[in-house]
Amino acid sequence: VSELIVDECPARRLAELWEWQAALEDDVARGSVDDYFWHHTGFRLVEARLTGNDELQRIISALAMRAMQVTHLSFSLPGRLERSVADHRRLLVAYEERDKVTAVAINRLMIMTGYRALAESGRLGEAARAH
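Residues numbered from 1 in each chain as written. Predicted model: local features only at pLDDT ≥ 70, side-chain atom pairs only at ≥ 80, totals over all residues. Heavy atoms only, no water.

Student: Before we move on, can you summarise the confidence of the model for the chain with the specific residues and values?
Tutor: For the chain, the mean per-residue pLDDT works out to 91, and 95% of the residues sit at or above 70. The least confident element of the chain, judged by mean pLDDT, is helix α7 (residues 124-129) at 66; the most confident is helix α2 (residues 14-30) at 97. (pLDDT = per-residue confidence, 0-100. Helix = DSSP H or I, 4+ residues; strand = E, 2+ residues; numbered from the N terminus.)

Okay, here's the thing in structure tokens:
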């Protein structure tokens, strides 16, 4: 997704992601895990759409459905909203700068940071049972 956005997405279309980022930042300010979760889902779906790749969009939508409970649980852990929103902001800057390597690395980092947070909290098994 990151590679396609950097390579194919016109810079003006990134404004859509910045709108979602503003919602994420508001959710963090209010401490709303549920709102953050839904806005994060929207952010990720818009990212997929901005690739212009219909097959990739279908795959991401299917994976998102399977990962929803795990993602929500991760966001409920202490400090995760603040870390996630900061990572999203860094990702958007990488997109704007057309920095493919950094964008890919940040996306991987976000996934692994959530996973590690669940593992360290001892709730990874709970997340696995959610599927």
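Student: Please give an account of the packing of helix α3 (residues 33-50) against helix α5 (residues 80-96) that cites residues and values.
Tutor: Each pair of packed helices gets described by two things: the angle between the helix axes and the distance between those axes. Relative to each other, α3 and α5 sit at 20 degrees, their axes nearing to 12 Å. Relative to α5, the element α3 lies roughly parallel. Between α3 and α5 lies a crossing of left-handed hand. Here Val33, Tyr36, His40, Phe43, Arg44 and Glu47 of α3 lie close against α5, whose contacting residues are Leu81, Ser84, Val85, His88, Leu91, Leu92 and Tyr95. Looking at the contact of α3 with α5, its residues break down into eight nonpolar, three polar and two charged. (Axes fitted to C-alpha atoms, helices over the stretch in contact; angles between N-to-C directions. Parallel < 35°, antiparallel > 145°, perpendicular 65-115°, else oblique. Left-handed = near helix turned anticlockwise from the far one by under 90°. Contact = heavy atoms within 4.5 Å. Nonpolar A, V, L, I, M, F, W, Y, C, P; charged D, E, K, R; others polar.)

Student: Which residues make up α5, and what are the values?
Tutor: For α5, which comprises 17 residues, the first-to-last C-alpha distance of 24 Å matches the rise-based estimate of 24 Å (1.5 Å per residue) to within 8%. Of the residues making up α5, those classed as buried are Arg80, Leu81, Ser84, Val85, Asp87, His88, Leu91, Leu92, Ala94 and Tyr95. Against α1 (2-8), α2, α3, α4 (54-75) and α6 (100-121) lie the buried residues of α5. In the stretch just after α5, Arg98 is the one whose phi turns positive, near 60 degrees. (Expected span 1.5 Å × (residues − 1). Buried < 20%, exposed > 50% of the residue type's maximum accessible area, 1.4 Å probe, protein only.)

Student: So what's going on with the packing of aromatic side chains? Residues and values would help.
Tutor: Throughout the structure, instances matching the rule amount to two aromatic pairs. Both rings, one in Phe37 and one in Trp38, keep their centres 4.8 Å apart while their planes meet at 75 degrees; by these two values the pair is edge-to-face. Residue Phe37 is classed as buried on the basis of its relative accessible area, which comes to 4%. (Phe/Tyr/Trp six-rings, centres within 6.5 Å; stacked < 30°, edge-to-face > 60°.)

Student: Please set out the packing of α2 against α5 residue by residue, giving values where relevant.
Tutor: Where α2 contacts α5, the axes come no closer than 10 Å and their chain directions differ by 165 degrees. Relative to α5, the element α2 is oriented roughly antiparallel. α2 and α5 meet at a crossing whose hand is left-handed. In this structure, α2 contributes Leu14, Leu17, Trp18, Gln21, Leu24, Glu25 and Val28 to the contact, and α5 contributes Leu81, Glu82, Val85, His88, Arg89, Leu92, Val93, Tyr95 and Glu96. Taken together, the residues of the contact of α2 with α5 break down into ten nonpolar, two polar and four charged.

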